[in-house]
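Topology and contacts: notes
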Amino acid sequence: MRQNPSFAMTDVGEIRRLIDLNPWVTLISHGDDGLVASHYAVMLDDERDDLTIVGHVGKPDDAILGLGEGELLVVVQGPHGYITPRWYGDVPAVPTWNFVSAHLRGIPELLSPEENLRVLDRLVDRFEGGADDARGLYTLPNDAAFVERLERGTVGFRLTPTHVTAKRKLSQNRSPEVVETIIDGLSAEGRHELASEMRRAADARVRP
């Protein structure tokens, strides 16, 4: 992803927030037959305060991706959407696409079966939420033997990125008045996630 200083996102806290809110990522590597891409959910490593992520892939995706043998590119895609030139006013203009995205690159570490089970357990709890009928990984009718068989069909990984490119292209090159018009337009169309990200970026620009 080509970086642009006007749109660069370098704050680790903001990138962690992006990952946490958008856990469904694309994993890309270069395999024996060329480029390979897979899609899985990841989480921030709860024992670290950097950009280390943990996750798993199902077998044989580990072999297809060459997991642990070379670099892995993880693409995190946040809110994005079309921006009409109507919102710029009566001036020459063309449409654009606003987005928030991060690329994390590094060689992943493969997890032990015990670590992988812990990550799988966390992953299920994260997305089941706190409902009274939430189904945890070990909730009956699942038992330990069933979960262990499940784990053997997966390969867990931890990735501490050695290269990070994060970009928040949210009309920062436009005047505050135009930005407000775009936010209002997105909100009126029900595109609240992108509008919220634009509001966050706009507020950060004026914060002392």
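To be clear, the structure that these remarks concern was listed above.
Here's what I pulled together on the structure shown here. The numbers attached to residues start from 1 for each chain and follow its sequence in the written order. Totals for whole chains, interfaces and linings use all residues, but because this is a predicted model, local features are given only for residues with pLDDT of at least 70 and pairs of side-chain atoms are given and counted only at 80 or more. Side-chain descriptors were evaluated using all non-hydrogen atoms of the structure, hydrogens and water having been removed beforehand.

1. Side note on the packing of aromatic side chains
The criterion for an aromatic pair is that two Phe, Tyr or Trp rings (for Trp, the six-membered ring) have centres within 6.5 Å, with stacked assigned to planes under 30 degrees apart, edge-to-face to planes over 60 apart and tilted to the rest. Under the counting rule described, the total for this entry stands at one aromatic pair. With a centroid separation of 6.3 Å and 65° between ring planes, the pair formed by Y82 and W97 is classed as edge-to-face. Taken together, the residues Y82 in strand β4 (residues 72-83) and W97 in strand β5 (residues 96-106) connect sequence positions 15 residues apart. Accessibility here uses a 1.4 Å probe with only protein chains present; expressed as a share of the type maximum, an area under 20% marks a residue as buried, one over 50% as exposed, and anything in between as partly exposed. Residue Y82 is classed as partly exposed on the basis of its relative accessible area of 37%. A residue is classified by how much of its surface remains accessible, and W97, at 44% relative accessible area, is partly exposed. Distance and angle both matter: a charge sits over a ring if NZ of Lys or CZ of Arg is within 6 Å of the ring centre and within 35 degrees of the ring normal. Its end group placed over the ring of Y88, R174 keeps NZ or CZ at 3.8 Å from the ring centre. Numbering of helices and strands runs from the N terminus; a helix is a DSSP stretch of H or I covering at least four residues, while a strand is a stretch of E covering at least two.

2. Some words on the pattern of salt bridges
Salt bridges are defined by distance alone: a side-chain nitrogen of Lys or Arg within 4 Å of a carboxyl oxygen of Asp or Glu. The full count for this structure, using the stated rule, is 15 salt bridges. Where D46 meets R118, a salt bridge forms, and the shortest distance between an N and an O atom there is 2.7 Å. Pair noted here: D46 is in the loop between β2 (34-44) and β3 (53-58) and R118 is in helix α3 (residues 113-128), with a separation of 72 residues, a long-range link. According to the relative accessible area criterion, R118 is partly exposed, its value standing at 38%. Linking E180 and R199 is a salt bridge whose minimum nitrogen-to-oxygen distance equals 2.7 Å. Here E180, found in helix α5 (residues 176-188), pairs with R199, found in helix α6 (residues 192-206); they are 19 residues apart in sequence, far enough to count as distant. Looking at R199, the relative accessible area reads 29%, which means it is partly exposed. Via salt bridges that share partners, D45, E109, E115 and R158 belong to a single interconnected network.

3. A short note on the side chain of E151
Turning to its location among the elements, E151 is positioned in helix α4 (residues 144-152). Contacts were defined at the residue level, with two residues in contact if any of their heavy atoms lie within 4.5 Å. Ignoring anything within four residues of it in the chain, the contact list for E151 reads P113, N116, L117 and L120.

4. A few points about the environment of D33
Residue placement: D33 occurs in the loop between β1 (24-31) and β2. Through-space distance from the C-alpha of D33 to that of I64 is 9.1 Å; in sequence the pair is 31 residues apart.

5. Description of the sheet that holds β4
Note on pairing: DSSP must find at least two bridges between two strands before they are called paired. An order of β6-β7-β3-β2-β1-β4-β5-β8 is seen for the eight strands of this open sheet, with the pairing classed as antiparallel. A single partner strand is all that each edge strand has here, and the edge strands are β6 (109-110) and β8 (163-169). Where β5 lies against β8, seven bridges are found, and the strand directions are antiparallel. Across the sheet, residue A102 finds its bridge partner in β8, namely A166.

6. Some details on the side chain of R168
Looking at the element boundaries, R168 is found in strand β8. When sequence neighbours within four positions are dropped, the list of residues in contact with R168 reads F7, M9, E14, F99, V100 and A201.

7. Comments concerning the environment of Q77
With respect to the element layout, Q77 can be found in strand β4. In this structure the C-alpha to C-alpha distance between Q77 and I19, which are 58 residues apart in sequence, comes to 8.4 Å. Beyond its immediate sequence surroundings of up to four residues, Q77 is in contact with N22, F99, V100 and S101. Under this definition, polar contacts are N or O atom pairs within 3.5 Å; protein pairs additionally need one hydrogen-donor-capable and one acceptor-capable atom, and for neighbouring residues in sequence, both atoms have to be side-chain atoms. From its side chain, Q77 meets the backbone oxygen of V100 in a polar contact 3.1 Å long.

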